[in-house]
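# Overview (structure and organization)
Residues per chain, in single letters:
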Amino acid sequence: MIYILLGIGIAGLLTSTIYALLAAWGAFRFSVRQRRAFTAPFFPPVSLLKPLHGSEPELEAHLESFFKQQYPSFEILFCARSELDPGMEVARRVASRYPEIPAKFLSSGEPGCANAKVWSLGCMEDAAQFPILVVSDSDVSVNPQYLREVVAPFKDDKVGMVTCLYRGIPGSPGPEGASLWSRLEAEGMSVEMSSGVLVAELFEGMKFALGPTMAVRCECLKRFGGFRALGSYHADDFILGNLVAAHGHAVVLSTHIIEHHVLNTSFLASVRHQIRWMKSTRFSRPKGHLGTALTFSMPYGILAAGAALADRRPELAALLFVWGWATRFALAAIMRGLVVQQFSFVRSALLYPLRDLLGFFYWVASYFGNGVQWRGEVYQLLSDGVMRNDPSEKKTEAVLTI
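A few words on the overall build of the protein chain. Along the protein chain, the regular secondary structure elements total 13 helices and 11 strands. Against the globule reference of 21 Å for 402 residues, the protein chain gives a C-alpha radius of gyration of 22 Å, in line with a compact fold. Projected onto its principal axes, the C-alpha positions of the protein chain cover 70 × 55 × 45 Å. Counting over 402 residues, the protein chain shows a buried share of 54%. Once local pairs closer than 6 in sequence are excluded, the contacts in the protein chain between residues at least 24 apart make up 80%.

As structure tokens, then:
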């Protein structure tokens, strides 16, 4: 039995090392594109779409970063279920400081589909006046060059959609700084998410999008019924990219990096949020999600080291554990240095190996049940990532909402 466990551990270390090498190659290719990136003078008018749901930490600063764009012609549309939504009040306050930027404030009412965000996007799509729509989440902040760099690939008529990688920014609940759980979730965004995207791009190109930024041509949306066609899906970003690619348009991964702020600062909120997205991937891409088990390193390093210790081979145990840790340290250092530009030796050496270990347990947990909680409501995930409201369940405490 010991040798079986040792074999499984070593096999897992091998597959995760191969994955890390592929991710490193993808990061190198991406960094070369970043250095060669040239933003041509291409400035079509753009409609920025910002779905809102309640107030969030630092929401005002996040929204203001979009009003500071160095771009000649754009409008910003905000939408929530109610005009009295606290997030809309923040948006109006920010917009009042920038009267030169056209802003629209819409209320969607009760959503007519399971995905309330998509319902809001449909309302903004109807009200937008420009041919390129740029969707971004409320927990995202950007620099003044954001629109220039994200819109640039649309100069090629074959490009139907552009999306962005992002660096995770831990939330700060108080003067003591960000919590450990917030930092770990941010590590997953910066390293694990970036690695997965770059490996996928390496093998099959971009056939999906990332929710924090989705820029799309209106004419592409119209081919499959607009945003409302995504209303039954939980992973609307993944489905949107699939549909754009399936209709013959290129999906481009921009070299621009945005900042994605972690809102979950407590242990339980962070864990539930990450398991929710793991479950979403399980139902949207079941085969790919199953294969994710081979990309983790620390669980196999610990398993192999434990088996070697049980076999009274401490030197081998130490070697196998260090092997697992070293691949995660190297992967984090590469992603941070070459891709998301977050240079931190300590985070790479300590936080990401721990996040890798936790990620394996989140992956295991994703196979238990099909219920998820999102924005205070409970849903059931079905095949192909379709979701439906679960009226038999209710949220327990607002603090647990993910």
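Before going further, it helps to examine the pairing of strand S2 (residues 74-80). With respect to burial, S2 is a largely interior element, seven of its seven residues being buried. Relative to S2, strand S1 (residues 46-51) is paired through six bridges, and the arrangement is parallel. Across the sheet, residue Ser47 finds its bridge partner in S2, namely Glu75. Remark: the S1/helix H2 (residues 59-67)/S2 crossover connection has right-handed handedness. The pairing of S2 with strand S3 (residues 103-107) spans five bridges and is classified as parallel. Across the sheet, residue Leu77 finds its bridge partner in S3, namely Lys104. Note on the crossover from S2 through helix H3 (residues 86-96) to S3: the handedness is right-handed.

Let us look at the packing of helix H1 (residues 2-36) against helix H11 (residues 298-310). Each pair of packed helices can be described by the angle between their axes along with the distance between the axes. Relative orientation of the contacting elements H1 and H11 amounts to 150°, with a least axis distance of 8 Å. As far as their axial angle goes, H11 and H1 are roughly antiparallel. The handedness of the crossing between H1 and H11 is left-handed. Contacts from Ile2, Leu5, Leu6, Ile8, Gly9, Ile10, Gly12 and Leu13 of H1 reach H11 at Tyr300, Gly301, Leu303, Ala304, Ala307, Ala308 and Ala310. Of the residues belonging to the contact of H1 with H11, the class tally is 12 nonpolar, three polar and no charged.

We now examine the sheet that holds strand S9 (residues 371-374). Strand order across the open sheet formed by three strands is S9-S10-S11, with antiparallel pairing between neighbours. Of all strands in the sheet, those with a lone pairing partner are S9 and strand S11 (387-389), marking the two edges. If you compare each strand with its neighbour and ignore which way they point, the axes differ by 40° on average. Along the sheet, helix H9 (residues 267-284) makes contact with S9 and strand S10 (377-381), crossing S9 at roughly 125°.

Now for the packing of aromatic side chains. Under the criterion given, the structure shown has 13 aromatic pairs. Here Phe78 and Phe105 contribute two aromatic rings whose centre-to-centre distance is 5.5 Å and whose plane-to-plane angle is 10°, an arrangement assigned as stacked. Within this pair, whereas Phe78 is found in strand S2, its partner Phe105 is found in strand S3, the two being separated by 27 residues in sequence. Assessed through its relative accessible area of 1%, Phe78 is described here as buried. Accessibility expressed as a relative area gives 26% for Phe105, which makes it partly exposed. Taking the centre distance of 6.4 Å and the plane angle of 65° together, the rings of Tyr300 and Phe360 count as edge-to-face. Separated by 60 residues along the polypeptide, Tyr300 in helix H11 and Phe360 in helix H13 (residues 345-365) bring together distant segments of the chain.

In this section: unusual backbone geometry. Most peptide bonds are trans, and most residues other than glycine sit at a negative phi. Phi is positive for Glu58, close to 65°, though the residue is something other than glycine. The phi dihedral of Asp384 falls on the positive side, at around 65°, and the residue is not glycine. Residue placement: Asp384 occurs in the loop between S10 and S11.

A separate point is the layout of surface pockets. Regions of empty space are outlined by a rolling probe, equal in size to a water molecule, passed over the atoms. When its volume is computed, the second largest pocket comes out at roughly 260 Å³. Contributing to the lining of the second largest pocket are 12 residues, with Ala37, Phe38, Glu149, Ser254 and Thr255 lying nearest its centre. Counting residues per element, the ones that place at least two in the lining of the second largest pocket are H1 and strand S8 (250-261). Looking at the lining of the second largest pocket residue by residue, the classes come out as six nonpolar, four polar and two charged.

Turning next to the packing of helix H6 (residues 180-204) against H13. Where H6 meets H13, the axes come as close as 9 Å, and the angle between the chain directions of the two elements is 90°. With respect to their mutual orientation, H6 and H13 come out roughly perpendicular. Contact residues: Leu180, Trp181, Arg183, Leu184, Glu187, Gly188, Val191 and Glu192 in H6; Arg347, Leu351, Tyr352, Leu354, Arg355 and Leu358 in H13. When its residues are assigned to classes, the contact of H6 with H13 shows eight nonpolar, one polar and five charged.

For the rest of this paragraph, the subject is the pattern of salt bridges. Side-chain pairs of opposite charge can arise whenever the charged atoms involved come near each other. Counted according to the given criterion, the structure contains 14 salt bridges. The salt bridge partner of Glu259 is Arg167, with a shortest N-O separation of 3.5 Å. Taken together, the residues span a long stretch of sequence, with Glu259 in strand S8 and Arg167 in strand S6 (residues 159-169) at a distance of 92 residues. On the basis of relative accessibility, which here comes to 14%, the residue Arg167 falls in the buried class. Through salt bridges with shared partners, one network takes in Glu60, Glu64, Arg93 and Arg97.

Turning our attention to the side chain of Ser270. By the element assignment, Ser270 lies in helix H9. Ser270 has contacts with Trp181, Glu185 and Asn264, leaving out every residue within four places of it along the chain.

Quick look at the confidence of the model for the protein chain now. Of the residues in the protein chain, 95% reach a pLDDT of 70 or more, and the chain-wide mean stands at 91. Counting interchain partners and residues more than four positions distant, the pLDDT-below-50 stretch residues 393-402 has 21 contacts.

How each quantity is defined
Residues numbered from 1 in each chain as written. Predicted model: local features only at pLDDT ≥ 70, side-chain atom pairs only at ≥ 80, totals over all residues. Heavy atoms only, no water. Helix = DSSP H or I, 4+ residues; strand = E, 2+ residues; numbered from the N terminus. Rg over C-alpha atoms; globule rule 2.2 N^0.38 Å. Buried < 20%, exposed > 50% of the residue type's maximum accessible area, 1.4 Å probe, protein only. Contact = heavy atoms within 4.5 Å. Pairing = 2+ DSSP bridges. Right-handed = clockwise from strand over helix to strand, strands pointing away. Axes fitted to C-alpha atoms, helices over the stretch in contact; angles between N-to-C directions. Parallel < 35°, antiparallel > 145°, perpendicular 65-115°, else oblique. Left-handed = near helix turned anticlockwise from the far one by under 90°. Nonpolar A, V, L, I, M, F, W, Y, C, P; charged D, E, K, R; others polar. Phe/Tyr/Trp six-rings, centres within 6.5 Å; stacked < 30°, edge-to-face > 60°. 1 Å grid on protein atoms, 1.4 Å probe; cavity = no way out; pocket = protein on both sides within 12 Å on 5 of 7 lines; lining within 4 Å. Points joined across faces, edges and corners; volume = space filled by probe spheres on them. Salt bridge = Lys/Arg side-chain N within 4 Å of Asp/Glu carboxyl O. pLDDT = per-residue confidence, 0-100.

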